[in-house]
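# Survey of secondary and tertiary structure
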Amino acid sequence: MTTIVGIKTKDGVVLGSDKRASKGFFIGSKIVQKIARIDDTLAVAIAGQLSDAEYIIKVAKAERRLMELRRGFPLSIREATRLIANIAYSGLRNYQPYYVELLVAGVDKEGAHVFAADMSGAITEEDFASSGSGSPIAYGVLESLYNKDVTNSQASEIASRAVSAAMERDPGSGNGINILAIQNLQKEAVA
């Protein structure tokens, strides 16, 4: 029970979330951080079981760093998303599923990316995405306001409006909004 959104922009990517953690119909916390920054180019928004998501992110950070050290160059956002999705799928394959839906967003030399990933190991790349119990409401806002020329600043406002709309109708979402924006990598000038 939550609302998370991810938006691809011409400047980079934006992630947004509410701050409520629910335990059934009990509000367990009003200050949860559902957006985890992996590094300066990659972040993950979490919907579902918080402990499962935190574990996946911790393992993904370590595995990503190890792979980068072995290869000598960073993973692309797609490769990092595949790594995260594979970790999530490993739980399902071992009959101990991680109850999570994740939005993985970041920038690399190919540009900005927003991926939706879940415990089945599936990933889909989207211009914008939402997950959690408030996502049907958030999608209404995203569908009506998104365009491909949106900036990070404009997308931050759209994400805030989408999460805010979800918080008005979804009892699993509430207690404020967190927004994280990541800028595109600077293109090197060609001499």
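Owing to the predicted nature of the structure, the values given are computational and were not obtained by experimental measurement.

### Brief notes about the overall build of the protein
Of regular secondary structure, the protein possesses 4 helices and 11 strands. Whereas a compact globule of 191 residues would reach a radius of gyration of roughly 16 Å, the protein reaches 16 Å, a difference of no more than 12%. If one aligns the C-alpha atoms of the protein with their principal axes, the spans along those axes are about 55 × 40 × 25 Å. Across the 191 residues that make up the protein, the buried fraction comes to 47%. A fraction of 65% describes how many contacts in the protein between residues 6 or more apart in sequence connect residues 24 or more apart.

### So, the pairing of strand E6 (residues 42-48)
Of all 7 residues in E6, 6 are buried, a share of seventy percent or more. Where strand E5 (residues 35-39) and E6 come together, 4 bridges link them in antiparallel fashion. Counted as the bridge partner of Ala36 is Val44 from E6. In sequence, E5 turns back onto E6 through a hairpin of 2 residues. Where E6 meets strand E7 (residues 100-108), 7 bridges bridge the pair, whose relative direction is antiparallel. Of the residues in E7, the one forming a bridge with Val44 is Val104.

### Examining the sheet that holds strand E9 (residues 123-126)
Strand order in the open sheet made by the 5 strands is E5-E6-E7-E8-E9, with antiparallel pairing throughout. Of all strands in the sheet, those bounded by a partner on one side alone are E5 and E9. The sheet shows a mean angle of 25° between the axes of neighbouring strands, taken without regard to direction.

### Here's the deal with the nonpolar core
Considering soluble globular proteins, one finds that nonpolar side chains tend to be buried as a cluster. Val44, Ile56, Ile84 and Leu102 are the most contacted members of the largest nonpolar core, which totals 23 residues. Going through the elements one at a time, E5, E6, helix H1 (50-71), helix H2 (77-93), E7 and strand E8 (111-118) are the ones with two or more residues in this core. A per-element tally of this core places H2 first, with 7 residues. If we skip the residues at most four places from it in the chain, Leu102 touches Val44, Ala45, Ile46, Ala53, Ile56, Ile84, Phe115, Ala116 and Ala117. Grouped together as the second largest cluster of nonpolar side chains are 15 residues, Ile4, Val13, Leu180 and Ile182 included.

### Details of unusual backbone geometry
Only a minority of non-glycine residues have a phi that is not negative, and only a minority of peptide bonds are not trans. A positive phi is found at Tyr95, a non-glycine position, where the angle reads about 60°. Take Tyr95: its relative accessible area is 76%, and that puts it in the exposed class. Although it is not a glycine, Asn175 sits at a positive phi angle of roughly 70°. Secondary-structure assignment places Asn175 in the loop between helix H4 (152-169) and strand E11 (177-183). Residue Asn175 is classed as partly exposed on the basis of its relative accessible area, which comes to 28%.

### A closer look at the pattern of salt bridges
If you walk through the whole model with that rule in mind, you get 6 salt bridges. In this structure, Glu125 engages Arg78 in a salt bridge whose closest nitrogen and oxygen atoms are separated by 2.9 Å. Of this pair, Glu125 sits in strand E9 while Arg78 sits in helix H2; the two residues are 47 residues apart in sequence, bridging distant segments of the chain. Here Arg78 falls in the partly exposed class, since its relative accessible area comes to 45%.

### Structural notes on the packing of H1 against H2
Axis separation between H1 and H2 bottoms out at 10 Å; the angle between their running directions is 135°. By the angle between their axes, H1 is oblique relative to H2. When you trace H1 past H2, the crossing you get is right-handed. The segment H1 lies against H2, with Ile56, Val59, Ala60, Glu63, Arg64, Met67 and Arg71 engaging Glu79, Ala80, Leu83, Ile84, Ile87 and Ala88. For the contact of H1 with H2, the class distribution of residues is 9 nonpolar, no polar and 4 charged.

Rules used in this analysis
- Residues numbered from 1 in each chain as written.
- Predicted model: local features only at pLDDT ≥ 70, side-chain atom pairs only at ≥ 80, totals over all residues.
- Heavy atoms only, no water.
- Helix = DSSP H or I, 4+ residues; strand = E, 2+ residues; numbered from the N terminus.
- Rg over C-alpha atoms; globule rule 2.2 N^0.38 Å.
- Buried < 20%, exposed > 50% of the residue type's maximum accessible area, 1.4 Å probe, protein only.
- Contact = heavy atoms within 4.5 Å.
- Pairing = 2+ DSSP bridges.
- Axes fitted to C-alpha atoms, helices over the stretch in contact; angles between N-to-C directions.
- Core = buried A, V, L, I, M, F, W, Y, C linked by side-chain atoms within 4.5 Å.
- Salt bridge = Lys/Arg side-chain N within 4 Å of Asp/Glu carboxyl O.
- Parallel < 35°, antiparallel > 145°, perpendicular 65-115°, else oblique.
- Left-handed = near helix turned anticlockwise from the far one by under 90°.
- Nonpolar A, V, L, I, M, F, W, Y, C, P; charged D, E, K, R; others polar.

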